[in-house]
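What follows is the residue order along each chain.
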Amino acid sequence: MAASATSELSSLCEKYSRVVTLSEVESRKDPETDPFRSKYKARELLKEIICTLRNQYIGEDDGESDQPQKDQILEGSDSEGCGSGCVGGSPAALRAAKLGVIEHLLGVNHVETEELSAGEEHLMNCLKLLDKYSMSRENISINIQTRNQLGILWAGRDETEKAQGFLETAESLYIQYMKQDGQPPMDLSDFFVTEGESVLDQERTKRFEMAHTYTLYYLAQVYKNLEQYEKAGRYCHTTLQRQLEFNHFVPLEWAINAATLSQYYITKSRYMEGRHCLAAAVVVAGLAGEVPSEAAAQENEAEGEKREQLRQKRAEIARCWIKYCLNLLQDAKKLLEDNIGELDVERQAELKARRRQEDEEEEKGLKSAILFGSRDIFDSILALEEKVSCAYPLDFEEARAIFLVGQNYVTEAKEYFQMDGHVTDHIEVVQDHSALFKALSFFEEDYERRCKMHKRRIDMLEPICKDLNAQYYLLICRQLQFELAETYYEMMDLKLALADKQDELDAHTVKKFNHLCAASIKYYKMFLDSIRTPDGKFPEKLEDDVLRPALVAKFRVARLYGRIICPDGATQLENLDKSLECYRFVVDYCEQDTEAKKAVETELELSEEMAGLLPIKIERLRAKQAALN
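Scoring rules and cut-offs
- Residues numbered from 1 in each chain as written.
- Predicted model: local features only at pLDDT ≥ 70, side-chain atom pairs only at ≥ 80, totals over all residues.
- Heavy atoms only, no water.
- Core = buried A, V, L, I, M, F, W, Y, C linked by side-chain atoms within 4.5 Å.
- Buried < 20%, exposed > 50% of the residue type's maximum accessible area, 1.4 Å probe, protein only.
- Contact = heavy atoms within 4.5 Å.
- Phe/Tyr/Trp six-rings, centres within 6.5 Å; stacked < 30°, edge-to-face > 60°.
- Helix = DSSP H or I, 4+ residues; strand = E, 2+ residues; numbered from the N terminus.
- Lys NZ or Arg CZ within 6 Å of the ring centre and 35° of its normal.
- Axes fitted to C-alpha atoms, helices over the stretch in contact; angles between N-to-C directions.
- Parallel < 35°, antiparallel > 145°, perpendicular 65-115°, else oblique.
- Left-handed = near helix turned anticlockwise from the far one by under 90°.
- Nonpolar A, V, L, I, M, F, W, Y, C, P; charged D, E, K, R; others polar.
- Salt bridge = Lys/Arg side-chain N within 4 Å of Asp/Glu carboxyl O.

A word on the nonpolar core
Right, so step 1: Ranked by internal contacts, the top residues of the largest apolar core, which has 123 residues, are Tyr 324 and Leu 542.
Right, so step 2: If we skip the residues at most four places from it in the chain, Tyr 324 touches Ile 266, Tyr 271, Gly 274, Arg 275, Leu 278, Val 388, Ser 389 and Cys 390.
Right, so step 3: One finds Leu 22, Ala 97, Val 101 and Ile 142 within the second-largest nonpolar core, a separate group that totals 28 residues.

This is the structure:
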């Protein structure tokens with residue numbers, strides 16, 4: 001009898017081992033014409049295993065009886081009844097676990113072969129089997145992993161709240177088990193190995209902890225889908241920490257996830273956490289190795305794929321750094337600007353004084369909660385962090401230091417995202433570069449130097465705008481046209497401020513000023529023309545995405561025509577008429593559309609005022625011209 005039992009166990013173990021090989025190794029080699037061949041073979045073996053187990057347990061309590069103690073007596077066990085708090089030792093719990101493992105694997109197998117209903121049925125069968133022994137050492141790991149699978153399954157069906165229920169239960173089971181017991185639980189493979197082949201406790205612990213890490217990872221996705229972003233960020237952060245702690249991560253994948261998390265922190269103005277995530281992303285991405293040379297990539301396909309992947313992921317991380325620097329500068333600008341968008345010197349002095357008085361304890365407390373990395377990489381992460389500030393810049397020198405970091409990452413990103421092959425990405429990087437100059441210009445007190453910064457923006461955006469095909473890239477063309485118009489407009493305002501300080505304008509200054517006005521009008525008109533219908537008519541009703549930009553463009557064109565310095569009265573009259581026409585357009589449109597009034601309150605107020613004043617000015621000028629003639 002003993003020999004027969006040993007032979008039967010050996011057969012089960014062999015079949016289980018074959019299932020693992022088919023599912024995890026051979027399935028990767030299946031042809032496209034028969035993608036699930038190995039999975040189907042594994043399924044047949046799983047069915048054989050579960051039949052054998054059920055035959056063994058005929059007449060025995062298989063985990064559904066209300067009298068587990070009777071079973072223990074029959075089996076000669078010393079264990080007391082094993083309820084939900086049992087820590088192990090129950091033959092009933094062991095039998096439930098064995099059947100549960102196979103039901104779990106059958107469930108996963110059906111899900112992987114896109115038979116979701118059958119997969120759900122097997123996974124639920126597993127949970128029913130484990131119900132009375134959910135906290136035992138035999139069952140806790142399989143219980144959590146099954147709930148993880150059901151969480152994934154329901155999330156895939158867009159049943160987010162059902163997924164949340166399974167995953168949150170999995171999380172609470174882990175917490176409860178660690179409080180009540182905490183010993184390494186049995187792993188799935190432990191039930192189908194011969195004596196002496198069981199997994200070591202250290203490996204059991206690692207696998208159990210990783211099952212919990214997966215729970216947290218899936219919960220992060222669920223909370224994101226439920227728009228509970230703060231909770232999602234927290235769970236994502238914990239997941240990344242645990243992956244490093246248990247050395248269970250793919251470097252590039254981990255790095256991209258950390259860089260992505262940084263963008264969440266940036267939107268919340270939590271720059272210390274964002275910087276830490278990005279520094280960790282760079283260091284961990286470095287663990288993936290050096291980028292193969294172009295020559296090596298051409299000679300070897302695998303090296304080519306590695307080169308492409310490394311360059312792409314590192315460029316994506318560089319783009320996240322650009323956003324970090326840009327948002328930090330822009331948030332500092334909002335903090336320091338007055339009601340007309342200029343630097344508030346008193347506010348600046350107040351913030352500098354407060355910074356000097358602040359204690360470092362707050363930063364230390366935050367850092368202790370967010371640190372990534374083991375001893376091997378921790379110093380590298382901190383060294384990288386020290387190269388860029390996470391505090392709001394309060395003057396030009398501080399802002400310039402952040403700008404230069406961002407500009408270095410622009411160069412790195414553009415090496416991969418080139419115009420040839422990555423049009424949209426390349427343009428977005430260039431737009432971010434332009435935005436970095438714009439943000440930095442706020443801190444520059446010298447108007448001439450500020451003008452030069454805006455000129456740099458024009459030099460990088462104008463060639464792209466001219467070459468881009470508006471038919472295929474309409475939205476991007478509109479963005480570029482509006483930004484160029486806006487940049488010329490800002491330069492015009494700066495030149496106007498400089499001109500006000502001069503006693504008399506020379507011909508060169510007048511020519512330069514008029515050129516800026518004309519260039520701004522040109523790009524605003526290009527933007528407005530892009531909104532016209534195919535037959536050239538301006539729409540009676542503006543779409544929401546262009547409502548404010550279009551009305552702002554009309555308002556600014558009106559202002560620009562009124563600013564042009566004219567050599568004669570006739571030209572001035574012509575420009576004033578165009579100016580009045582644009583002001584009236586804004587006023588008339590807003591009278592017909594209440595939403596438009598809310599979108600351009602300030603511009604509407606000024607347009608109404610100018611629509612009332614300009615006719616008087618025009619009539620006076622006409623009278624003056626008539627008198628001269």
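Things to note about the packing of aromatic side chains
Right, so step 1: A full pass over the atoms with the stated rule returns 24 aromatic pairs.
Right, so step 2: When the centroid spacing of 4.9 Å and the interplanar angle of 15° are considered together, the rings of Tyr 16 and Phe 192 count as stacked. Taken as a pair, Tyr 16 in helix H1 (residues 2-24) and Phe 192 in the loop between helix H7 (160-180) and helix H8 (201-225) lie far apart in primary sequence, 176 residues in all. Side by side, Tyr 16 and Phe 192 carry an identical accessibility label, which is buried.
Right, so step 3: An aromatic cluster is built from Tyr 271, Trp 321, Tyr 324, Tyr 392 and Tyr 409, whose rings are joined through pairwise contacts.
Right, so step 4: One residue, Lys 554, lies across the ring of Phe 538, its end atom 5.4 Å from the ring centre.

Here we look at the environment of Gly 151
Right, so step 1: Positionally, Gly 151 belongs in helix H6 (residues 140-156).
Right, so step 2: Expressed as a C-alpha distance, the spacing of Gly 151 and Gln 592, which sit 441 residues apart in the sequence, is 51 Å.
Right, so step 3: Sequence-distant contacts of Gly 151, that is, excluding residues within four places in its chain, are made with Ala 163, Phe 166 and Leu 167.

Focus on the packing of helix H4 (residues 91-112) against H6
Right, so step 1: Closest axis-to-axis distance for the H4/H6 pair is 10 Å, and the angle between their directions is 20°. The angle between H4 and H6 places the two elements in the roughly parallel class. H6 is crossed by H4, and the crossing has left-handed handedness. Contacts between H4 and H6 pair Gly 100, Val 101, His 104, Val 108 and Val 111 from the former with Ile 142, Gln 145, Thr 146, Gln 149 and Leu 153 from the latter.
Right, so step 2: Across the contact of H4 with H6, the residue classes tally to five nonpolar, five polar and no charged.

A closer look at unusual backbone geometry
Right, so step 1: Even without glycine at this site, Asp 158 takes up a positive phi of about 65°.
Right, so step 2: Its location among the elements puts Asp 158 in the loop between H6 and H7.
Right, so step 3: Positive phi values are uncommon outside glycine, yet Asn 247 reaches one of about 50°.
Right, so step 4: With respect to the helices, strands and loops of the structure, Asn 247 is situated in the loop between helix H9 (229-245) and helix H10 (251-267).
Right, so step 5: You can call Asn 247 exposed: its relative accessible area is 57%.

Concerning the pattern of salt bridges
Right, so step 1: In this structure the tally under the stated criterion is 41 salt bridges.
Right, so step 2: We note a salt bridge from Glu 203 to Arg 207, for which the minimum N-O separation is 3.0 Å. In this pair, Glu 203 and Arg 207 are both assigned in helix H8, four residues apart and thus about one turn of the helix distant.
Right, so step 3: Owing to a relative accessible area of 31%, Glu 203 belongs among the partly exposed residues under this scheme.
Right, so step 4: Taking the relative accessible area as the measure of exposure, Arg 207 reaches 34% and is therefore partly exposed.
Right, so step 5: Salt-bridge contacts for Arg 450 lead to Glu 342; the nearest nitrogen and oxygen are separated by 3.5 Å. Note that Arg 450 is positioned in helix H19 (residues 447-467) and Glu 342 in the loop between helix H13 (301-336) and helix H14 (345-357), a separation of 108 residues in sequence.
Right, so step 6: Classification of Arg 450 by relative accessible area gives buried; the value is 9%.
Right, so step 7: Take Glu 342: its relative accessible area is 28%, and that puts it in the partly exposed class.
Right, so step 8: It is possible to trace a salt-bridge network through shared partners that takes in Lys 438, Glu 486, Glu 490 and Arg 556.

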